[in-house]
Amino acid sequence: MLPTTLESRTTRQTDGQRVKCATPTRHFVSRRIARRRIRVFLFPRSLDLYFLFGPSISFPLNLSPIRNRKIRNLCRGHRAKMDSVEEERRLLEDGLSQDESYGLYTGDGSVDIKGKPVLKSNTGNWTACPFILGTECCERLAYYGIATNLVTYLTNKLHEGNVSAATNVTTWQGTCYLTPLIGAILADAYWGRYWTIAAFSTIYFIGMCTLTLSATVPGLKPAECVDSVCPSATAAQYAVFFLGLYLIALGTGGIKPCVSSFGADQFDDTDPRERVKKGSFFNWFYFSVNIGALLSSTLIVWIQDNMGWGLGFGIPALFMAVAIASFFSGTPLYRFQKPGGSPITRMCQVLVASFHKWNVEVPEDSSLLYETQEKNSAIEGSRKIEHSNELKCLDKAAVVTDAETKSGDFSNAWRLCTVTQVEELKILIRMFPIWATGIVFSAVYAQMSTLFVEQGEMMDTTVGSFTIPAASLSTFDVISVIFWVPVYDRVIVPIARKFTGKERGFSELQRMGIGLFISVLCMSAAAVVEIKRLQIARELGLVDEDVAVPMSILWQAPQYFLLGAAEIFTFIGQLEFFYDQSPDAMRSLCSALSLLTTSLGNYLSSLILTIVTYVTTEGGQAGWIPDNLNEGHLDYFFWLLAGLSFLNLLVYVVCAMKYKRKTAS
């Protein structure tokens, strides 16, 4: 105990009395325990204890000078805790420095590029994030610079038919959302997120350059049409073009699942202050994605249509080079998580070990299950996960049998797994229902580039002296996202925090649920617009004519705006959920699984459309979605999706209420 004096502090509420802490303190204790500085301030009259430390930390202190029996017993006999809400609020409002409150080093096991523990003060946090956000913005600009107008290049330059071009585009896009599984496994098991991004970015850039050459070099560029005769591209031209295209698909597979997780790695999970900032990071990450998408869907598409495809592909390639340079520039500032070995192998080990011990009884006391005695788990770069009572059949994999006890050999992971390893598989199983509900939302999102466009083409696309292509209305979705991100981060979160007491305003599950509800409103808005459009068509006698109805296409703006708002809640909520709730050594894999919902959502949309078309066209009927939408009922299809979205929301609420969150020790 060292006597000292402190500056005056604000009035505090203690034992029902308001106490002004403006007089010097009598005692000051400073201890460093587990890399954390713990300070106890004793004020003369109130004997108020003012702790600055993380929740649930036990510590021994010599409090013999303290004469207040109540406080002495509290400190001596009980585990020191602090209410999480008050802790977060105090950290947010008082502006205490990280080094004072939570130690000099990160507590989540992160290291620097050389594998050494990292200081909080000069690594990670928002200092490192601009390089990552810049990388993502430029990479998304490059990707959408190719994807947005790809079907036009295939039909106008490679002279493919509509069906063939559409098939090639959808196949390529589907591949772009499947390859993240490859990148995620490599990142989690062997390379780590940093080196996976670095390697696949290089492949990505090579693909961009190959694509640019295929549209620039005379021998690789397809011949132009002569009058109405359009010669087909040669086999070599096809080969070079699709080689570049699928190198891009492979490259994006290493970036998509890793870059958001790598950005979140820059914030220490064990520090509540940094956890608040991490929630904000996901918002601005998605903001960066849409800035890149906005530039590519406007500027890059215009260049491709008006100034040539060589330049139109070359500029995205240049931005990909900028993305790589931005990423490597931040290397000294990054925090790195070590790869933990193959997650698929670990899951298989749990299944094999539990099956092998199917007749073994699981003890009631979970402390008897096998776990390492070290501070960290046996999985490299992963914290231990506390035991949960669900799926007890998998706990058999962690039961130590008499034979294993006698032999003293616990090294065979195919026969004996740690509790943390078993909990990894349990977490993935518990996450599955939440993951599945994202597929229906992705099916709704897929309408933006399909039926929303077809609906817009049957409306008046002239605004003043300008003609707006129906596909360009998707810009309202991007603008909506760009609008909602800062509003959510700077306005909604602070207000919600006051009511919910949560550090990020809403939990990940609450945020996703709000987005699912908004998606119901989005499809309802689209249905109402279509009802009005069909009413005008009937009044003007245009039902049998395949012509646009004199109703401004701007009436579609609300449904795009609502879809953008739903994105902010659902997609960003998914990023947060699959990062925070996934096991430490499986974060890239879980991010890849969240991306997979986009691909499956497109497949689900196609399946629903096929079934609806088959059922509604029986008996020679025009069906809900005929070639001439004026004689169909597209509004019925939108109502169907709204109904499915509502049912999906109900299922989601049930799953979210039953979901048990991960608890890391």
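Our structure's up above, just so we're on the same page.
Residue positions are counted from 1 within each chain, in the order its sequence is given. Residue-level local features of this predicted model are given only where pLDDT is at least 70; pairs of side-chain atoms are given and counted only at 80 or more, and the full residue set underlies all totals for whole chains, interfaces and linings. The basis for every side-chain value is the complete set of heavy atoms in the structure, and neither hydrogens nor water enter the calculation.

Asks: I keep staring at helix α9 (residues 272-306) and nothing clicks. Help me out?
Replies: One full turn of an α-helix is made of 3.6 residues, so residues set three or four places apart face in the same direction. By the criteria applied, helices consist of DSSP H or I runs no shorter than four residues and strands consist of E runs no shorter than two, each listed in order from the N terminus. Multiplying 1.5 Å by the residue count of a helix minus one yields the expected span of that helix. Taking 1.5 Å of rise per residue, 35 residues should cover 51 Å, and α9 covers 51 Å from first to last C-alpha, within 8% of that figure. Along its length, α9 shows its largest kink, about 35°, at S296. Two or three places before R273, at the start of α9, stands the capping residue D271, its side-chain oxygen 3.0 Å from that residue's backbone nitrogen. Bending is quantified residue by residue as the angle between axes fitted to the seven-residue window ending at that residue and the seven-residue window starting at it. A 3.5 Å cut-off defines polar contacts: any pair of N or O atoms within that distance qualifies, except that in protein one atom must be a possible hydrogen donor and the other a possible acceptor, and neighbouring residues in sequence count only when both atoms are side-chain atoms.

Asks: How should I be thinking about empty space enclosed by the protein in this particular structure?
Replies: By rolling a water-sized probe across the atoms, one finds the places where empty space is left. Think of a 1 Å grid over just the protein atoms. A cavity is a set of points where a 1.4 Å probe fits yet cannot get out, a pocket is an open set with protein on both sides within 12 Å along at least five of seven lines, and lining residues have an atom within 4 Å of a point. Grid points are joined across faces, edges and corners, and a volume is the space filled by probe spheres set on the points. Applying the stated rule across the entire model yields 4 cavities of 30 Å³ or more. Of the volumes computed, that of the largest cavity is approximately 80 Å³. Lining the largest cavity are A187, D188, G192, R193, Q337, K338, P339, G340, G381, D584, A585 and S588. It is helix α7 (residues 180-214) that contributes the most residues to the lining of the largest cavity, 4 residues altogether. Note on residue classes: Ala, Val, Leu, Ile, Met, Phe, Trp, Tyr, Cys and Pro are nonpolar, Asp, Glu, Lys and Arg are charged, and everything else, Gly too, is polar. Counted by class, the lining of the largest cavity contains 3 nonpolar, 5 polar and 4 charged residues.

Asks: For this particular structure, what's the right way to read helix α17 (residues 508-539)?
Replies: Spanning 32 residues, α17 covers 47 Å between terminal C-alpha atoms, matching the ideal 46 Å at 1.5 Å per step. Residue G541 follows α17 closely and has a positive phi angle near 70°.

Asks: Even after reading the chapter, I still don't get the side chain of N290, so can you show me in this structure?
Replies: Counting through the fold element by element, N290 comes out in helix α9. Using a 1.4 Å probe on the protein chains alone, a residue whose accessible area is under 20% of its type maximum counts as buried, one over 50% counts as exposed, and one in between counts as partly exposed. A relative accessible area of 5% means that N290 is categorised as buried. Setting aside residues up to four positions removed in sequence, N290 forms contacts with V478, V481 and I482. Throughout, a residue-residue contact means that at least one pair of heavy atoms, one from each residue, lies within 4.5 Å.

Asks: Sorry if this is basic, but what is going on with the nonpolar core here?
Replies: A general tendency of soluble globular proteins is for nonpolar side chains to be buried together. The biggest cluster of nonpolar side chains holds 108 residues, and the ones touching the most others in it are W172 and F241. Those residues in contact with F241, other than ones at most four positions away along the chain, are L150, Y153, L154, L158, L211 and S214. One finds V444, I536, L634 and F637 within the second-largest nonpolar core, a separate group that totals 31 residues. Among buried residues, those of type Ala, Val, Leu, Ile, Met, Phe, Trp, Tyr and Cys that are joined through side-chain atoms within 4.5 Å constitute a nonpolar core.

Asks: Teacher, can you tell me more about the packing of aromatic side chains here?
Replies: Given two aromatic rings, their pairing is described by the distance between the two centres and the angle made by the two planes. Centres within 6.5 Å are what make two rings of Phe, Tyr or Trp a pair, Trp counting through its six-membered ring; a difference in plane orientation under 30 degrees is then read as stacked, over 60 as edge-to-face, and the rest as tilted. One pass over the full model with this rule turns up 42 aromatic pairs. Here the aromatic rings of W126 and F281 are separated by 6.4 Å at their centres, their planes lie at 55°, and the arrangement is tilted. In this pair, W126 sits in helix α4 (residues 125-147) while F281 sits in helix α9, placing the two residues 155 residues apart along the sequence. Overall, the relative accessible area of 0% leaves F281 in the buried class. On the basis of an interplanar angle of 75° and a centroid distance of 5.4 Å, the ring pair of F483 and W484 is categorised as edge-to-face. Using a relative accessible area of 42% as the deciding quantity, one classes F483 as partly exposed. With relative accessibility at 22%, the residue W484 sits in the partly exposed group. Each residue in the set Y194, W195, F262, F327, F328, Y334 and F336 is aromatic and connected to the rest through ring pairs, giving one cluster. Between K256 and the ring centre of Y143, over which it is positioned, the NZ or CZ distance is 4.9 Å. Sitting over a ring, as applied to charges here, requires NZ of Lys or CZ of Arg to be within 6 Å of the ring centre and within 35 degrees of the ring normal. Geometry around Y177 places K256 over its ring, the cationic atom sitting 4.5 Å from the centre.

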